[in-house]
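# Structural overview
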Amino acid sequence: MTTEIILAGFGGQGILFAGKVLAYCALIDGKEISWLPSYGPEMRGGTANCSVCISDEQLTLLKQISRR
């Protein structure tokens, strides 16, 4: 089973930290993960996004593209 989570907000650090916590929890549980942070060029108050994919199977780019 694969779970895809997208976190979005302003400011940056809380969103990226929340995504990292999810990723570490999945790693501890023995899952395969993909963690991709994305944020704007602003010093403060900019947009922040974080995508986390958690799977029982190995994650590959080809699988992710073909599912869309």
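A few points on the structure. (Residues numbered from 1 in each chain as written. Predicted model: local features only at pLDDT ≥ 70, side-chain atom pairs only at ≥ 80, totals over all residues. Heavy atoms only, no water.)

## Some remarks on the overall build of the protein
Helix and strand content of the protein: 2 helices and 3 strands. At a minimum sequence separation of 6, the contacts of the protein that also span at least 24 residues come to 55%. Accessible surface, the protein as shown: approximately 5,200 Å² in total, 60% of it carbon and sulfur. (Helix = DSSP H or I, 4+ residues; strand = E, 2+ residues; numbered from the N terminus. Contact = heavy atoms within 4.5 Å. Areas by Shrake-Rupley, 256 points an atom, 1.4 Å probe, with all protein chains shown as cover.)

## Points about the environment of Glu 32
Along the chain, Glu 32 turns up in strand 2 (residues 32-39). On the basis of relative accessible area, Glu 32 is assigned to the partly exposed category, the value being 37%. Each C-alpha atom, one on Glu 32 and one on Asp 56, is 6.1 Å from the other, the two residues being 24 residues apart in sequence. Apart from the residues within four sequence positions on either side, Glu 32 is in contact with Cys 53, Ile 54, Ser 55, Glu 57, Gln 58 and Leu 59. (Buried < 20%, exposed > 50% of the residue type's maximum accessible area, 1.4 Å probe, protein only.)

## Topic: the pairing of strand 3 (residues 47-55)
Here 9 bridges tie strand 1 (residues 2-10) to strand 3, and the two strands are oriented antiparallel to one another. Bridging from a neighbouring strand, Ile 5 pairs with Val 52 of strand 3. Pairing of strand 2 with strand 3, which is carried by 8 bridges, proceeds in the antiparallel orientation. Each residue of the ladder has a partner; that of Trp 35, found in strand 3, is Val 52. (Pairing = 2+ DSSP bridges.)

## Notes on the nonpolar core
Leu 7, Ile 15, Leu 16, Ala 26, Ala 48, Cys 50, Val 52 and Ile 54 form the largest nonpolar core, which has 8 residues in total. Contributing elements (two or more residues each) for this core: helix 1 (13-28) and strand 3. It is strand 3 that contributes the most residues to this core, 4 residues altogether. Not counting chain neighbours up to four residues away, the residues in contact with Ile 15 comprise Leu 7, Ala 8, Gly 9, Ala 48, Asn 49 and Cys 50. (Core = buried A, V, L, I, M, F, W, Y, C linked by side-chain atoms within 4.5 Å.)

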